[in-house]
Every structure is written in C-alpha cells, then in structure tokens.
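What follows is the residue order along each chain.
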Amino acid sequence: MATLAELQRHAIPGMAQILPGRGNLPMVQVRTPAATGVVYLDGGHVAAWKPAGFEDVLWLSEKSHWETGKPIRGGVPICFPWFGPRQNAPAHGIARLQVWDLESIRQEAAGVTVCLRLQDDDTSRSFWPHPFLLRHRITFGTQLTMALELTNTGTAPLAAEEALHTYFSVGDIRQVRILGLAGVAYVDKTDDFREKRQEGDITITAETDRVYLNTVSAVTVEDPAQHRRIVISKENSRDTVVWNPWIAKAKAMPDFGDDEWPGMHCVETCNVGAHLVTLAQGQTHVMTARLAVAKL
Ligand code: BG6
C-alpha cells in the first residue's frame, strides 16, 4: 500500500489533496468553487459531496467504523461481487472492505475526477476465484458522477453483482417522496422476497428494503424538510434498491445510531440478482450513477 507521501504526487495544488481522514485512513479531498468532496481509498468509498449552495448531500453515520477491513456506514459503499449476505463471506462482497489504489486525479470540464482501482488478490480470491479489474471514477462537480468499470481479466467468463449503495441525507424520511418508480415491479425483501408492483410514488412509513427491477429512468428524492430534490440518473444499471432500516433494524446495527434513521435514505444504483453482469474474457462493463441537486 502506498504511503501518504507517495500518494502526494497525484495532488492538484489548491484543488485536490491526499490527507489522513477519519481513523487516519487515507482520503482524497476535493475543494473547488463548484463543490467539495471526499473519497476514501478504503472501500473506494465516496464519503462526502457538497455542491456549492447546498448542505451535504450524502449521509454518514456518527457510529460508523473508520477502520481498514470494516465498511463505512454512509456515503457510497461499493457492493461487489455480490449484493446482500453470503454464508461464510462478508455481506455485500469484498470491494468495500479492501484498500483501493489511487490511479489519477484530473481536472476536467465537469469537475475533478478521482480514479481508483482494485484488482483481485489473495483475499478476494479466497472468497471469489475470479481475476478482475475494477475502476471507480468519481467526478466531483456541480453534479456527482460515479462510474464503476469492471473488466474480466481472467480467461473464464465472469458473473458479478454490483451496487453503488448511495446513502442520502434527508431532513425527515417521513416527509420524503420518491418519484420515478411508479408502476415498476419490485422484490420486497421485508415480505419474504415477494414480487409486487409500485403503486404511485414511494413514501416511507416502515422498514423498507426493495429491489426495483428493470429500472431505467431517473429517480427523484423530494425532501421538503431540506427544501431540495436529488435526482439520480444512471446508465447500464438495471435495478434500483430503496432502503431505510426504520426503528428496530437501526437499533440492531452496531454502526448505526438508534435515532439516525429519519435523517437518511438509500437509493442504490445496481445490477443484482438475475441482472448480474456477465463478461467474457477481456470484456468491460461500466455502470454510472449521476446525482444532481435542486432547490424545492
Ligand atoms: C441494502 C440491503 O442494500 O443494504 C439491505 O438491501 C441491507 O438488506 C442494507 O440491510 C445494509 O447492509 P449492510 O451490510 O451495509 O448492513
């Protein structure tokens, strides 16, 4: 693993710095007139994005671990190469537990783009035997763009689930409306994985854990308590997960404050279940999520 001093060669003076973050974990901090942002090398994890004129868009738990090998609670964990629990293996895969390499930081028209990479190693192969290369390109600007690029570097076909498990900060989840998924079929993980159909817009009134299937259009999180709306658009993602743990599940999670559930909500850009990504030798797939904020 590169030291902080070695990572400094990627810095852009006055714009992007490599610093010790929470728990002393290395992070890239971006500061431009358009936006500020933070991404940790641990997990390739975007932990903050604040476009000018708005409060922080992403939510982080006060109770999060800040320790290599433990997932960060909040921001944008990357789930790969599986989504959800797995016997004798970490939930949501290994990518969020590993330390990614910093490949480059570039100033571009849309903002500052940080590119991180993760390859298979002994740890990943002990859980999942496939050679792979993941690149995560994050552009911090007036919009936040996250592009997760997966390449099959092995000779056998590769099949993997993936998610940009985005936690949004909301004023009060009980007032939030989620638009863009009316009429869409979903799997209800809180009701024995029954398949249902969304009637109208989504409001959250209990524990909610749903995989919306074949989702293409943008999803909007309307947050009247913070007077803003967040629009999530995406490419090459066939599913959208909508998750809020509500009261009991929040209490059961050690890295989640008992009273934090009203202030967060997850809308996750993903390819999961039957929609996992299948790649032949040498093939590449890029899943992109783009976040934009506007005043309500
Ligand atoms: C969501 C899943 O994406 O992540 C939920 O749909 C899960 O079932 C949640 O509880 C949080 O997972 P974890 O492993 O970060 O606690």
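What this report covers is the structure whose coordinates are included nearby. (Residues numbered from 1 in each chain as written. Predicted model: local features only at pLDDT ≥ 70, side-chain atom pairs only at ≥ 80, totals over all residues. Heavy atoms only, no water.)

## Considering the environment of Glu103
Convention followed: Secondary structure elements are defined from DSSP: runs of H or I of at least 4 residues count as helices, runs of E of at least 2 residues count as strands, and each element is numbered from the N terminus. Polar contacts, as used here, are pairs of N or O atoms within 3.5 Å; protein pairs need one atom able to donate a hydrogen and one able to accept it. Residues neighboring in sequence count only if both atoms are side-chain atoms.
By secondary structure assignment, the location of Glu103 is in strand E6 (residues 101-108). A distance of 2.8 Å separates the side chain of Glu103 from the side chain of Arg135, its partner in a polar contact.

## Describing empty space enclosed by the protein
For clarity, the cut-off: Cavity: a set of points on a 1 Å grid over the protein atoms alone where a 1.4 Å probe fits but cannot get out. Pocket: an open set with protein on both sides within 12 Å along at least five of seven lines, its lining residues, like those of a cavity, having an atom within 4 Å of a point. Grid points are joined across faces, edges and corners, and a volume is the space filled by probe spheres set on the points.
Throughout the structure, instances matching the rule amount to 1 cavity of 30 Å³ or more. Of the pockets and cavities examined, the largest cavity occupies roughly 40 Å³. Around the largest cavity, the lining residues are Ser217, Val219, Ile232, Lys234, Thr240, Val267, Glu268 and Thr269. Within the residue set of the lining of the largest cavity, elements represented by two or more residues are strand E19 (228-235) and strand E21 (264-271).

## Section: the sheet that holds strand E16 (residues 202-203)
Operational definition: Two strands qualify as a pair provided that DSSP identifies no fewer than 2 bridges between them.
As summarised here, the arrangement of the 9 strands in space is E6-E7-E8-E9-E23-E19-E18-E13-E16, forming an open sheet in which the pairing is antiparallel. Single-partner strands in this sheet number two, and they are E6 and E16. Here 8 bridges tie strand E9 (residues 144-152) to strand E23 (residues 284-295), and the two strands are oriented antiparallel to one another. From the neighbouring strand, Thr145 faces E23, where its bridge partner is Arg290.

## Digging into the site of the ligand
Operational definition: The cutoff for a nearby residue is simple: one of its non-hydrogen atoms must lie within 4 Å of the molecule or strand. Only the protein chains shown count as covering a residue, and every accessible area follows the Shrake-Rupley method with a 1.4 Å probe. Assignment to a cavity or pocket requires that more than half of a molecule's atoms be within 2 Å of the site's grid points. Gly is placed with the polar residues, together with every amino acid not listed as nonpolar (Ala, Val, Leu, Ile, Met, Phe, Trp, Tyr, Cys and Pro) or charged (Asp, Glu, Lys and Arg).
By nearness alone, every residue bordering the ligand is listed as Arg73, Phe83, Ala91, His92, Arg96, His165, Lys189, Asp209, Val241, Trp243, Lys249 and Glu268. Lys189 places a polar side-chain atom, nitrogen or oxygen, 3.0 Å from an oxygen atom of the ligand. Here an oxygen atom of the ligand and a side-chain polar atom of Glu268 are 2.8 Å apart. For the ligand, the accessible surface in isolation is 390 Å², of which the surrounding protein chains cover 85%. Judged by the proximity of its atoms to the pocket grid, the ligand belongs to the largest pocket. Grouping the amino acids of the shell around the ligand by side-chain chemistry returns 4 nonpolar, 2 polar and 6 charged.

## Re the pairing of strand E18 (residues 219-223)
Note the cut-off: Think of it in three bands: with a 1.4 Å probe and only protein chains considered, a residue is buried below 20% of the maximum accessible area for its type, exposed above 50%, and partly exposed in between.
With 5 of 5 residues buried, E18 lies mostly within the body of the structure. A two-sided burial pattern is seen for E18, the buried positions comprising Val219, Val221 and Asp223 on one face and Thr220 and Glu222 on the other. Relative to E19, E18 runs antiparallel, the two being bridged by 5 bridges. Within the sheet, the bridge partner assigned to Asp223 lies in E19 and is Arg228. Joining the antiparallel neighbours E18 and E19 is a turn of 4 residues, in which His227 adopts a positive phi near 55 degrees.

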